[in-house]
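Descriptive analysis of the structure
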Amino acid sequence: MNSSEQSKLSLNSKRISRRAALKKVSKYAAVTALGTFLILNPQKAQAASGPPAPGGGF
Amino acid sequence: MQFLVKKIESKEVLWLQKTNRYLILEPFFMRVMNEMIKGLTKSELIDFCIYKLSFSAKKAKLIVDACWNIKQDNELEISKQVIFSEEELPAELEYISYTYSYNSKHLNVHYSNVALAERIHPKFKHLCKDFDLLSVFSGLICVSEFRGLFYLQVNHCIIGKWLEYDFHFLLGKFAMALLNLYNNKSDIDWLAVLHASAVCKDDNALVFLGKSASGKTTSTALLSLNGFTLLADDFVPIESKSIKVASFPAAVSVKESLFYEFEAHFPEFKKSRLLTKDKRTKFKYLYPNSTKTQESKFVKTKALVFIKYTNNGDNKLLKINQITALQKLIPDSWISPVKENVVLFLDWMEEVPCYELHYSDNKYLINISEKLMNDEH
């Protein structure tokens with residue numbers, strides 16, 4: 001997979017880095033601790049369960 | 001800021017369109033949000049919190065900062081949908097083909113290699129029909145593996161590509177493609193897809209939700225042995241127009257611990273191929289009775305049941321409030337990001353009875369499910 005494919009894919013899956021995720025969470029941590037506020041994110045796309053790749057074994 | 005607000009019980013549920021995010025707020029928090037939307041500055045909002053809502057300066061700042069962050073998050077530009085080019089896939093890929101028939105429609109489904117077919121096809125192989133020259137196909141679905149990526153094409157358009165890590169999203173989109181083509185619909189016609197299992201009886205459905213291994217599949221499979229009809233397992237679509245649960249004809253995956261019980265009730269289950277999920281987990285597919293699963297069904301939801309099976313635990317059913325149910329349901333579901341559908345979703349969630357069921361005894365599960373079906377809400 002080349003880098004342009006990777007960048008298109010990251011647009012598709014809309015993933016964020018761990019650091020960005022922590023920053024996002026901590027932004028609201030103080031106010032959620034007050035018990036007055038709750039954020040809920042639905043799944044970004046429809047998902048279904050299935051067996052893993054053959055031979056993966058985990 | 002594009003948003004929707006709905007009061008459910010004592011809370012305000014705020015939906016933010018750009019981020020498709022739901023916030024559950026105390027009413028005072030919504031008052032601050034409203035003032036912010038009217039155009040108050042940060043310091044004006046802090047004064048509002050201190051003088052109108054009697055908060056300390058510290059708490060006022062926390063609340064105003066949170067409101068401001070929500071506003072900023074919702075103003076961020078969300079990346080547009082990626083348009084894929086057909087040229088990404090070589091024309092010379094060879095495919096393994098099947099015809100899946102359901103609801104009087106025939107779909108041509110292609111897999112680009114045996115390993116890929118082995119991962120998806122067993123769940124749908126009961127829909128296979130021998131090729132008939134007179135068959136008119138209602139759609140073509142191609143699943144391809146190429147250069148480490150999995151592609152899904154529906155009627156020759158690439159609708160997505162995923163890495164192995166996101167294979168469950170490919171499966172979700174594959175299921176959506178089947179659902180849409182069998183029912184002549186598109187994604188906009190669905191309110192939500194719940195990670196759940198559903199059964200029905202006399203035009204009423206019970207939807208069982210819960211984390212993986214909570215027992216939802218097992219429960220619905222057991223209920224299907226006791227007078228209920230299985231509607232959908234793992235992937236439960238809710239239609240927008242009718243707010244009804246739609247059937248989805250995938251096979252049910254049954255864990256090894258239940259093989260004996262299922263073999264006793266379904267002779268054909270013995271012949272189902274043994275598959276492995278990981279080194280320790282074996283499962284087999286239970287295929288729906290072909291005479292019962294030919295046509296799509298749309299059934300009203302009688303109750304949402306958040307289920308937890310334990311080996312030796314108590315058997316109890318607790319009514320839970322709508323806000324608790326929202327907290328459990330939203331993070332585990334796909335909910336349509338279309339504003340009209342969100343209105344319908346929140347209206348539905350305000351009304352639908354919700355329960356938490358803990359059980360260890362199968363008889364209790366069957367009796368309580370019967371009772372829920374007969375309850376007048």
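Residues numbered from 1 in each chain as written. Chains lettered and ligands numbered in written order. Predicted model: local features only at pLDDT ≥ 70, side-chain atom pairs only at ≥ 80, totals over all residues. Heavy atoms only, no water.

Attention shifts here to the confidence of the model for chain A. Per-residue pLDDT for chain A has a mean of 63; in total, 26% of the residues score no lower than 70. Confidence over residues 1–13 of chain A falls short of pLDDT 50; this stretch has 21 contacts with residues more than four positions distant or in other chains. (pLDDT = per-residue confidence, 0-100. Contact = heavy atoms within 4.5 Å.)

Working definition: the strands of a sheet are paired by backbone hydrogen bonds and lie parallel or antiparallel to each other. Residues and elements named next belong to chain B. Strand order in this open sheet of 5 strands is 4-5-6-7-8, and the pairing throughout is mixed. Edge positions in the sheet fall to strand 4 (96–102) and strand 8 (157–162), since each has one partner strand and no second. For this sheet, the mean angle separating the axes of adjacent strands, direction not counted, is 20 degrees. Both strand 5 (residues 105–111) and strand 6 (residues 137–146) contribute to a ladder of 6 bridges, which runs parallel. Looking at strand 6, one finds that His 106 is bridged to Phe 137. (Pairing = 2+ DSSP bridges. Helix = DSSP H or I, 4+ residues; strand = E, 2+ residues; numbered from the N terminus. Axes fitted to C-alpha atoms, helices over the stretch in contact; angles between N-to-C directions.)

Another point: helix 5 (residues 167–183) of chain B. Residues and elements named next belong to chain B. With 17 residues, helix 5 ought to run about 24 Å at 1.5 Å a step, and its terminal C-alpha atoms sit 24 Å apart, in line with that. Summarising burial for helix 5: 16 of the 17 residues are buried, a large majority. Phi turns positive one or two residues past the end of helix 5, at Asn 184, with a value near 55 degrees. (Expected span 1.5 Å × (residues − 1). Buried < 20%, exposed > 50% of the residue type's maximum accessible area, 1.4 Å probe, protein only.)

It is worth spelling out the environment of Asp 233 of chain B at this point. All names here are of chain B. With respect to the helices and strands, Asp 233 occurs in strand 12 (residues 229–233). Counting along the chain gives 12 residues from Asp 233 to Ala 221, while the straight-line C-alpha distance between them is 8.9 Å. Asp 233 has contacts with Ala 196, Ser 197, Thr 217, Thr 220, Ala 251, Val 252 and Ser 253, leaving out every residue within four places of it along the chain.

The next thing to look at is the side chain of Ser 144 of chain B. All names here are of chain B. By the element assignment, Ser 144 lies in strand 6. Engagement of the side chain of Ser 144 in a polar contact is seen with the side chain of Tyr 95, the distance being 2.9 Å. Setting aside residues up to four positions removed in sequence, Ser 144 forms contacts with Leu 89, Leu 93, Tyr 95, Ser 112, Leu 116, Leu 149, Phe 150, Tyr 151 and Gln 153. (Polar contact = N/O pair within 3.5 Å; in protein donor to acceptor, adjacent residues only side chain to side chain.)

A word on the side chain of Thr 19 of chain B. With respect to the helices, strands and loops of the structure, Thr 19 of chain B is situated in the loop between strand 2 (11–16) and strand 3 (21–25). In this structure, Thr 19 of chain B is in contact with Lys 44 of chain A together with Asp 73 and Asn 74 of chain B, ignoring residues within four places of it in sequence.

Residue and element names in this part refer to chain B. Among the 6 residues that make up strand 7 (residues 149–154), 6 are buried, leaving the element largely enclosed by the rest of the structure. A two-sided burial pattern is seen for strand 7, the buried positions comprising Leu 149, Tyr 151 and Gln 153 on one face and Phe 150, Leu 152 and Val 154 on the other. Bridge analysis of strand 6 against strand 7 gives 6 bridges, and the strand direction is antiparallel. Bridge pairing links Val 143 to Leu 152 in strand 7. The antiparallel pairing of strand 6 with strand 7 creates a hairpin that spans 2 residues between the two strands, and Arg 147 there sits at a positive phi of about 50 degrees.

Turning next to the pattern of salt bridges. Residue and element names in this part refer to chain B. On inspection of all chains with the given rule, the structure shows 15 salt bridges over all chains. In this structure, the salt-bridge partner of Glu 370 is Lys 201, at a minimum N-O distance of 2.8 Å. Highlighted residues: Glu 370 in helix 10 (residues 362–374) and Lys 201 in strand 10 (residues 196–201), separated in sequence by 169 residues. Taking the relative accessible area as the measure of exposure, Glu 370 reaches 23% and is therefore partly exposed. For Lys 201, a relative accessible area of 22% corresponds to the partly exposed category. A salt bridge links Lys 284 to Glu 263; the nearest nitrogen and oxygen atoms lie 3.3 Å apart. Of this pair, Lys 284 sits in strand 17 (residues 282–286) while Glu 263 sits in helix 7 (residues 259–265), placing them 21 residues apart in sequence. On the accessibility criterion, Lys 284 (5% relative accessible area) is buried. (Salt bridge = Lys/Arg side-chain N within 4 Å of Asp/Glu carboxyl O.)

With that settled, consider the sheet that holds strand 2 of chain B. Spatially, 4 strands are ordered 1(A)-3(B)-2(B)-1(B) in an open sheet, and the strand pairing comes out antiparallel. Of all the strands in the sheet, just strand 1 (37–40) of chain A together with strand 1 (3–8) of chain B have a single pairing partner and so form its edges. Averaged over all pairs of adjacent strands, the angle between their axes in this sheet comes to 20 degrees, without regard to strand direction. Helix 9 (residues 339–351) of chain B contacts strand 1, strand 2 and strand 3 of chain B of the sheet and is inclined by roughly 10 degrees relative to strand 1 of chain B.

Residue and element names in this part refer to chain B. The phi dihedral of Glu 9 is positive, around 50 degrees, even though this residue is not glycine. Tracing the sequence through the fold places Glu 9 in the loop between strand 1 and strand 2. Judged by relative accessible area, which is 39%, Glu 9 ranks as partly exposed. Positive phi, close to 45 degrees, is recorded for Asn 20, a residue that is not glycine. Residue class for Asn 20 comes out buried when judged on its relative accessible area of 13%.

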